[in-house]
Protein chains: 2
Amino acid sequence: MVVWLTAGNVYNTQRGALVRVTITQVAAHAGVSVASASRALNGQAASAKTVAKVQHAAEELGYVADATAQSLKRGRTNQLAYAVADIGNPVYIEMMTAIERVVSASGYRLVMSSTGTSSSSVDVVRDLGRGYVDGMILSPLRVTDELLAVLAKAPVPVVVLGRLPDDASLDTVPADSFTAMRLVVEHLVAEGRGDIAFVNGPSDTTPGAFRRDGFAAAVVAHPAISARSVDADDFTITAGYAAARRALHDDHRPDAIVAANDLIGIGAIRAAEDLGLAVPGDITVTGVDNTELAGVIRPGLTSVDLGAEERGRVAAELLLARIAEPERPAHTVAVAPALVVRGSSHARSPNPAGTPDSEAPDLNNERPAR
Amino acid sequence: MVVWLTAGNVYNTQRGALVRVTITQVAAHAGVSVASASRALNGQAASAKTVAKVQHAAEELGYVADATAQSLKRGRTNQLAYAVADIGNPVYIEMMTAIERVVSASGYRLVMSSTGTSSSSVDVVRDLGRGYVDGMILSPLRVTDELLAVLAKAPVPVVVLGRLPDDASLDTVPADSFTAMRLVVEHLVAEGRGDIAFVNGPSDTTPGAFRRDGFAAAVVAHPAISARSVDADDFTITAGYAAARRALHDDHRPDAIVAANDLIGIGAIRAAEDLGLAVPGDITVTGVDNTELAGVIRPGLTSVDLGAEERGRVAAELLLARIAEPERPAHTVAVAPALVVRGSSHARSPNPAGTPDSEAPDLNNERPAR
DNA sequence: ATGAAAGCGCTAACAC
DNA sequence: GTGTTAGCGCTTTCAT
């Protein structure tokens, strides 16, 4: 027994399973062969009359081509993936939005898989072999040898949104952490700060390692600076708060906290305030990523924009280009960081009384010129 | 010419296309039939010797089963989708995280598609007919007749994370906006506020409509309250800021702003501050969703928790249950809202001098008991 | 321009 | 327990 539910594209068998209208039924309904139906539906050579008949039949039956069967036959899925470890960080959402805009304009569906929760980056890349996507953009938190090995023989193109060892010949859109940290340190020096606590994320992550090294390199250029470093457990507000408390618990207190990202920076502002320190009166705090949050909290968080949106867009374009031309040489595209000064630091040297500057709201979240 | 690249699972044809190792090659390598190979790989009846041979061959060749072919044959993709209109709102990320946890435990991959940017909810649901997922969870912003029609004949199960008309017999996990607004209004009354501006999101959205109506119903219960309402252009900080400026620009100023969600509420706090109003000294501000942001800004935003995480979890469970048993009756699961009081309002009546209460940081973002 | 038929990679009857 | 075979729904030669 078969019960038709609607004029739509499904009916119900006695087993309760939903069954779909196939191209065979469309062809029969139109009185043509399946080959003609397929051609008519895909805009291939077919007489106007055939096209009309087939389209009418498809319309009437509510036919929708099965993506799985098309994928199997065509050898591609029209689906791309963006895999990210830490979806709680708004900077990755920003990247995803930029990526989605580019790939959907090219007819691809974007699949977002959050590694971290259920599986590691390695698992995600390995899963690529299952062929459920035609390509992937990956923002890995940790680049292990195992990941590099899996990446090297990935069966579909992968673009890495982040930094890789130089000898990995893959398309990458790295963050320029060295320039970023240099901009921050120079800003602090101009402001008159000289005793800096660097609150990093985990040092064994790629961003953690490069921001630490970038900070160290920047500090070396200014012999007057004294600096220390602590690691937060991860790149979150909560972990940043805890790590900043540790950094501020010593007998002597720094006059600046440089956070490895905005979330840690926000946690650091809260920690300083809870210790009775005025920001930026007693202590300056800076972040990295220039997320919308940086402009929303008070005081606004001075932050380095690493170009998340542009990097996302570029990564998507690199992926599409590689899919179109698999043998093209690997590209690495750099995006210049830019410092955005807000109320958590002073533009020049600190006010004598520690009074915060008056501050216009930063709600439009504009990106600075570079 | 065929060039083997590695001992891995791909080799390169002269066309540059990547070709995959198939089960046929594994079977040949192991000296068994493809059927035996398939059985061995899938844990079906097979002798220990066969299993060993096949697994060894698969390992050696780097075989990974093709998801597309499996899907076509099995009639399911093992992929579920979460479609959301506004990925910039952290409450949806929170839901997604909860959903992902549940579905990945059941062996499904979660695909996140952000409607809004490239396509509408209707398009996304219609695309379901292409069979690229086995089911979907949808958080629609606007429930049109067209959407309901498409939903009614969706070829795969759909669970709606949001409110639907009562006669739509679908699995839903609505937000209880009426209770939410009642909790807020009662809190304001206890606080001694009586002149309320309601800053809604767009009224033509489902949450907008229900929060507006819920607010109206709550106000009616308190004749002493006078209330007005403005719509923000969307549920964002920026739009909330602009709308709150309008609400506060009148000749007479309210003593409370009730925002339809946290983002609008944060914008409202900024708007009040820019107008020289102390929060909560001169004016109370409240939000809805109890996102992490509410605990991060200063003053902390008093907010109603609509149970995003629990609702996401429940929606995922409903979807899995329906996939397992397609003919089961439609369920609607309600989650009780709970008010979380923070510094943007007073626990009781306002301090005479408008001095903000001292406030512990709300960084662990705990959910209140209900 | 159209139809018959092969086959993408896999699983599941079915026969042995 | 294992091999042979059919076929999921579609696109694409290859003849006609």
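For the structure given in this document, a descriptive report is provided here. Quick caveat: nothing in here was measured; it's all calculated off a predicted structure.

### Digging into the nonpolar core
- Tyr-82, Ile-137 and Ile-257 of chain A together with Tyr-82, Ile-137 and Ile-257 of chain B are the most contacted members of the largest nonpolar core, which has 151 residues in total.
- Every residue in contact with Ile-257 of chain B, bar those within four places of it in the chain, is listed here: Ala-197, Val-199, Ala-244, Leu-248, Ala-268, Ile-283, Thr-284, Val-285 and Thr-286 of chain B.

### Some words on the pattern of salt bridges
- Following the criterion strictly, the structure yields 26 salt bridges over all chains and no others.
- With a shortest N-O distance of 3.1 Å, Arg-270 of chain A and Glu-273 of chain A are connected by a salt bridge. Of the two residues, Arg-270 of chain A and Glu-273 of chain A are both situated in helix H11 (residues 262-274); the distance of 3 residues between them amounts to about one turn of the helix.
- By relative accessible area, which is 1% here, Arg-270 of chain A ends up buried.
- Overall, the relative accessible area of 30% leaves Glu-273 of chain A in the partly exposed class.
- For Asp-213 of chain B, the salt bridge identified is with Arg-212 of chain B, shortest N-O distance 3.0 Å.

### Comments concerning the protein's contact with DNA strand C
- Inspection of the region around DNA strand C gives 25 residues, with Ser-36, Ser-47 and Thr-50 of chain A together with Ile-23 and Tyr-63 of chain B positioned closest.
- Measuring from a phosphate oxygen of DNA strand C, one finds a side-chain N or O atom of Ser-36 of chain A at 2.6 Å.
- In this structure, a phosphate oxygen belonging to DNA strand C sits 3.0 Å away from a side-chain N or O atom of Ser-38 of chain B.
- The element that contributes the greatest number of residues to the surface near DNA strand C is helix H4 (residues 67-74) of chain B, accounting for 4 residues.

### Examining the packing of aromatic side chains
- With the rule as written, the count across this model stands at 2 aromatic pairs over all chains.
- A centroid spacing of 4.6 Å and a plane angle of 10° characterise the contact between Phe-198 of chain B and Phe-215 of chain B, whose relative ring orientation is stacked. Placement of the pair is Phe-198 of chain B in strand S9 (residues 195-200) and Phe-215 of chain B in helix H9 (residues 206-220), with a sequence separation of 17 residues.
- Sitting over the ring of Phe-210 of chain A, Arg-163 of chain A keeps its end group 5.4 Å from the ring centre.

### Side note on the sheet that holds strand S8 (residues 171-172) of chain A
Residue and element names in this part refer to chain A.
- Pairing in this open sheet of 5 strands is parallel, and the strands run S5-S4-S6-S7-S8 from one edge to the other. Either end of the sheet is taken by a strand with one partner, and the two such strands are strand S5 (109-114) and S8.
- Examined bridge by bridge, strand S7 (residues 158-160) and S8 share 2 bridges and lie parallel to one another. From the neighbouring strand, Val-159 faces S8, where its bridge partner is Asp-171.

### Topic: the sheet that holds strand S14 (residues 338-340) of chain B
Residue and element names in this part refer to chain B.
- Read across the sheet, 6 strands follow the order S10-S9-S11-S12-S13-S14 without closing on themselves; strand pairing throughout is mixed. Each edge of the open sheet carries a strand with a single partner, namely strand S10 (226-231) and S14. This sheet shows a mean twist of 20° between the axes of neighbouring strands, independent of strand direction.
- With respect to the sheet, H9 is in contact with S9, S10, strand S11 (256-259) and strand S12 (284-288), its orientation differing from that of S9 by roughly 165°.
- Packing against the sheet, helix H10 (residues 237-248) makes contact with S9, S10 and S11, and its axis sits at approximately 140° to S10.

### Focus on the relation of the copies chain B and chain A
- Least-squares fitting of chain B to chain A yields an RMSD of 0.2 Å, with the superposition described by an axial translation of 0.1 Å and a rotation of 180°. Given the turn and translation reported, the copies of this chain are related as if by a two-fold rotation axis.
- Most of the interface of chain B is mirrored in chain A, where 100% of its interface residues are also at the interface.

### Section: the interface of chain B and chain A
- Tallying the contact residues gives 57 residues for chain B and 57 residues for chain A.
- Across the chain B to chain A interface the summed buried area is about 4,700 Å²; carbon plus sulfur atoms make up 60%.
- Where chain B packs against chain A, one counts 2 salt bridges.
- Arg-109 of chain A is the partner of Asp-127 of chain B in a salt bridge, and the nearest nitrogen-oxygen pair spans 3.1 Å.
- Elements supplying a minimum of two residues to the side of chain B that touches chain A: strand S2 (10-13), strand S3 (18-20), H4, helix H5 (90-105), strand S5 (109-114), H10, helix H11 (262-274) and helix H12 (292-296) of chain B.
- Its residues assigned to classes, the side of chain B that touches chain A shows 26 nonpolar, 18 polar and 13 charged.

### What about unusual backbone geometry?
- Cis geometry is found at the peptide bond from Val-279 of chain A to Pro-280 of chain A, where omega equals 10°.
- Tracing the sequence through the fold places Pro-280 of chain A in the loop between H11 and strand S12 (284-288).
- Geometrically, the link from Arg-298 of chain B to Pro-299 of chain B is a cis peptide bond, its omega value of -5° lying close to zero.
- Along the chain, Pro-299 of chain B turns up in the loop between H12 and strand S13 (302-305).
- In this structure, Asn-78 of chain A takes a positive phi of about 60° despite not being glycine.
- Along the chain, Asn-78 of chain A falls in the loop between helix H4 (67-74) and strand S4 (79-84).
- Note on Asn-78 of chain A: relative accessible area 30%, which makes it partly exposed.
- Residue Asn-290 of chain B is not a glycine yet carries a positive backbone phi of 50°.
- Locating Asn-290 of chain B in the fold gives a position in the loop between S12 and H12.
- You can call Asn-290 of chain B buried: its relative accessible area is 0%.

Each value, and the rule that gives it
Residues numbered from 1 in each chain as written. Chains lettered and ligands numbered in written order. Predicted model: local features only at pLDDT ≥ 70, side-chain atom pairs only at ≥ 80, totals over all residues. Heavy atoms only, no water. Core = buried A, V, L, I, M, F, W, Y, C linked by side-chain atoms within 4.5 Å. Buried < 20%, exposed > 50% of the residue type's maximum accessible area, 1.4 Å probe, protein only. Contact = heavy atoms within 4.5 Å. Salt bridge = Lys/Arg side-chain N within 4 Å of Asp/Glu carboxyl O. Helix = DSSP H or I, 4+ residues; strand = E, 2+ residues; numbered from the N terminus. Near = heavy atom within 4 Å. Polar contact = N/O pair within 3.5 Å; in protein donor to acceptor, adjacent residues only side chain to side chain. Phe/Tyr/Trp six-rings, centres within 6.5 Å; stacked < 30°, edge-to-face > 60°. Lys NZ or Arg CZ within 6 Å of the ring centre and 35° of its normal. Pairing = 2+ DSSP bridges. Axes fitted to C-alpha atoms, helices over the stretch in contact; angles between N-to-C directions. Least-squares fit on C-alpha atoms with pLDDT ≥ 70 in both. Buried area = accessible area lost by both parts, 1.4 Å probe. Nonpolar A, V, L, I, M, F, W, Y, C, P; charged D, E, K, R; others polar.

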